[in-house]
Amino acid sequence: SELIRGFLLSGMPCPSSCPPGLLALIAPGLALMAAFWLPSQAGDRRALPVEKPSGVKGRTLILLDVNTKSPVRIISENFLSLQLDPSIIHDGWLDFLSSRRLVTLARGLAPAFLRFAGKRTDFLQFHNVKNPAKSRGGPGPDYYLKNYEDDIVRSDIALDKQKGCKIAQHPDIMLELQREKAAQMHLVLLKEQFSNTYSNLTLTARSLDKLYNFADCSGLHLIFALNALRRNPNNSWNSSNALSLLKYSASKKYNISWELGNEPNNYRTLIGRSVNGSQLGKDYTQLRSLMQLIRTYSRAHLYGPNIGRPRKNVIAFLEGFMKVAGGTVDAVTWQHYYIDGRVAKVTDFLKTRLLDTLSDQIRKIQKVVNTYTPGKKIWLEGVGTTSAGGMNNLSDSYAAGFLWLNTLGLLASQGIDVVVRHSFLDHGHNHLVDQNFNPLPDYWLSLLYKRLIGPKVLAIHVAGLQRKPRPGRVIRDKLRIYAHCTSYHNHNYVRGSITLYIINLHRSRKKIKLAGTLRDKIVHQYLLQPYGKDGLHSKLVQLNGQPLAMVDDGTLPELKPRPLRAGRTLVIPPLTMSFYVVKNVNALACRYR
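Computed from a predicted model, the values in this text were never measured in an experiment.

Asker: Can you help me understand the state of the cysteines in this one?
Answerer: By definition, a disulfide links the sulfur atoms of two cysteines through a covalent bond. What the rule picks out here adds up to two disulfides. Paired by a disulfide, Cys165 and Cys217 hold their sulfur atoms 1.9 Å apart. Residue Cys165 is located in the loop between helix H5 (143-161) and helix H6 (172-195), and its partner Cys217 is located in helix H7 (residues 205-218); the two are separated by 52 residues in the primary sequence. Sulfur-sulfur distance for the disulfide between Cys485 and Cys590 comes to 2.0 Å. With the S-S bond torsion at -75°, the cross-link from Cys485 to Cys590 turns out left-handed.

Here's what the structure looks like:
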């Protein structure tokens, strides 16, 4: 058995000195032995690093099994959720949320939360006016803009006549004028962002109606972040404008959850005065009291405080907040951006050190939350690959998907309940959908995740050759493997099936042999690769060799798997992301919801 174990873990071929018939003896029990000898990942949930040591020839075979008896985590059905930035009021895209194409794309990612928040949250004022066409912001009152605004008003009137879900088909010329307007506003928005000085925004009743209609039509639950920077002389929160918005929303019977403010630890840099954690905690308590006075929202959910990266001063802010309002919020929220979008390079998205920065943040947040409110749900809101609006041909390219998919796997495995992606559609380059309403690579990655991944997270076991670390050097994984029960909403697979998703950051292909409970099962492959000559910079992707694109404005393409015969070795191409559904495992952990 020691000899068999040695060959199993080394992956080396049997030497010529093997006794005759030994290979025949080993083969039938190979997978069974793997199940007993594979080291468990239940502790850190990460794949062990796998490399060929120098001087070793031949293929490295990775053996993979999954613990199917019970899940290690259970996350929200809305785990992968979306964000819209209030900048869409400024640049005019909010008027186009009724587009059939946008609604179709958003429906593909339901069920999910839709968080309406961002840097401009705390400069947003609600104004209960229905038709503000004359006060609409824009480049100027020229002939084309006037026609454009008249078209918007006519579109609004047409929408009002519809019953139920209000869907529009905007003429191409109308969209072209909007793109010209948005391009001009983009420069204004960037200037505000880099100078960290923001102008006030007005959200009208009409705009709120459009926002809610989009969420409702798309099967998304709206979370609205209220302005926390309206302050009284004693620095307490002035809730008058928020109360007006709450009352209007209640009169329309809108089903909304609420937040207060965005990244409040940075208020000093925005307005020259700070709001500490305990004061924000009091403001949240005040907001909860307001909600309880309005029947529609007396039991609505409240989330916060949406702090920034948990450095020392931010942790102190969170502790102050939790002492006062830890029991008031339904989930504790923070946000994270990996790279400064102004200096990002494509190689940054392949750095394992960068992929691992999130783990330390999770531990810091969990430590504070569990100190004050053990068991409280934790959300990562406003996550994006890059800050500062992202960078064209990088944060909206195939390469950015490595960070995004690893973020999903890491957060799920460490018990973070919801992750909110910034942004579904906005003026920068961190979005899932561009301004031509075409889905970008991270959209297709998110769609596959939604279709194939269920909320139950499973522990994986891996065996294979390992590099020996040099003194003082940390080995970081370039092959990352995560496992979940397959989504119950996917009727192509019976309950008890398992989905693996794999990130290969190596510049060579890797081979994985399924062992133990996964041995000799039929597997469906969903291999996502860049499409076209741009490689990792590509904004187009292919699934199993077929380019992905919408069929028409109301139809997403069928995501067709490539069936692999039972027992076949999985071959993972270099620099790719892939999903594998292992069918009919009858996993105990996955049979019931």
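Asker: Got a minute to help me understand empty space enclosed by the protein in this structure?
Answerer: To find leftover empty space, a probe the size of one water molecule is rolled over the atoms. Under the counting rule described, the total for this entry stands at six cavities of 30 Å³ or more. Empty space within the largest cavity amounts to approximately 100 Å³. Along the walls of the largest cavity sit 13 residues, with Leu124, Leu226, Asn227, Asn241 and Leu245 positioned nearest its centre. Listed by contribution, the elements that provide at least two residues to the lining of the largest cavity are strand S5 (124-127), strand S7 (220-226) and helix H8 (240-251). Of the residues that constitute the lining of the largest cavity, the class distribution is eight nonpolar, four polar and one charged.

Asker: What should I look at first to understand the sheet that holds strand S23 (residues 570-572) in this one?
Answerer: Note: strands within a sheet are paired through backbone hydrogen bonds, in either parallel or antiparallel orientation. Pairing is mixed across the open sheet formed by four strands, whose spatial order is S15-S1-S18-S23. A strand with exactly one partner marks an edge of an open sheet, and here the two such strands are strand S15 (460-463) and S23. The sheet shows a mean angle of 30° between the axes of neighbouring strands, taken without regard to direction. Inspection of the sheet shows strand S1 (residues 61-66) paired to strand S18 (residues 510-514) by four bridges, in the parallel sense. Residue Leu64 lies in a different strand from S18, and its bridge partner there is Leu514.

Asker: Please clarify how the packing of helix H4 (residues 100-107) against H7 should be interpreted in this entry.
Answerer: Each pair of packed helices can be described by the angle between their axes along with the distance between the axes. In contact at an axis separation of 8 Å, H4 and H7 are set at 50° when each is read in the N-to-C sense. On the basis of their axis angle, the class for H4 and H7 is oblique. Remark: the crossing between H4 and H7 carries right-handed chirality. Mapping the contact onto sequence places Leu102, Val103, Ala106 and Arg107 in H4 and Phe214, Cys217 and Ser218 in H7. Here the residues of the contact of H4 with H7 sort into five nonpolar, one polar and one charged.

Asker: What should I look at first to understand the packing of helix H14 (residues 400-413) against helix H15 (residues 441-452) in this one?
Answerer: Close contact between H14 and H15 brings their axes to 9 Å; oriented N to C, the two are set at 30°. The angle between the axes of H14 and H15 places the two elements in the roughly parallel class. The handedness of the crossing between H14 and H15 comes out as right-handed. Between H14 and H15, the residues in contact are Ala400, Gly401, Trp404, Leu405, Leu408 and Ala412 and Asp442, Leu445, Ser446 and Tyr449, respectively.

Conventions used here
Residues numbered from 1 in each chain as written. Predicted model: local features only at pLDDT ≥ 70, side-chain atom pairs only at ≥ 80, totals over all residues. Heavy atoms only, no water. Disulfide = S-S within 2.5 Å. Helix = DSSP H or I, 4+ residues; strand = E, 2+ residues; numbered from the N terminus. 1 Å grid on protein atoms, 1.4 Å probe; cavity = no way out; pocket = protein on both sides within 12 Å on 5 of 7 lines; lining within 4 Å. Points joined across faces, edges and corners; volume = space filled by probe spheres on them. Nonpolar A, V, L, I, M, F, W, Y, C, P; charged D, E, K, R; others polar. Pairing = 2+ DSSP bridges. Axes fitted to C-alpha atoms, helices over the stretch in contact; angles between N-to-C directions. Parallel < 35°, antiparallel > 145°, perpendicular 65-115°, else oblique. Left-handed = near helix turned anticlockwise from the far one by under 90°. Contact = heavy atoms within 4.5 Å.

None of the figures reported here should be taken as evidence of function without further support.
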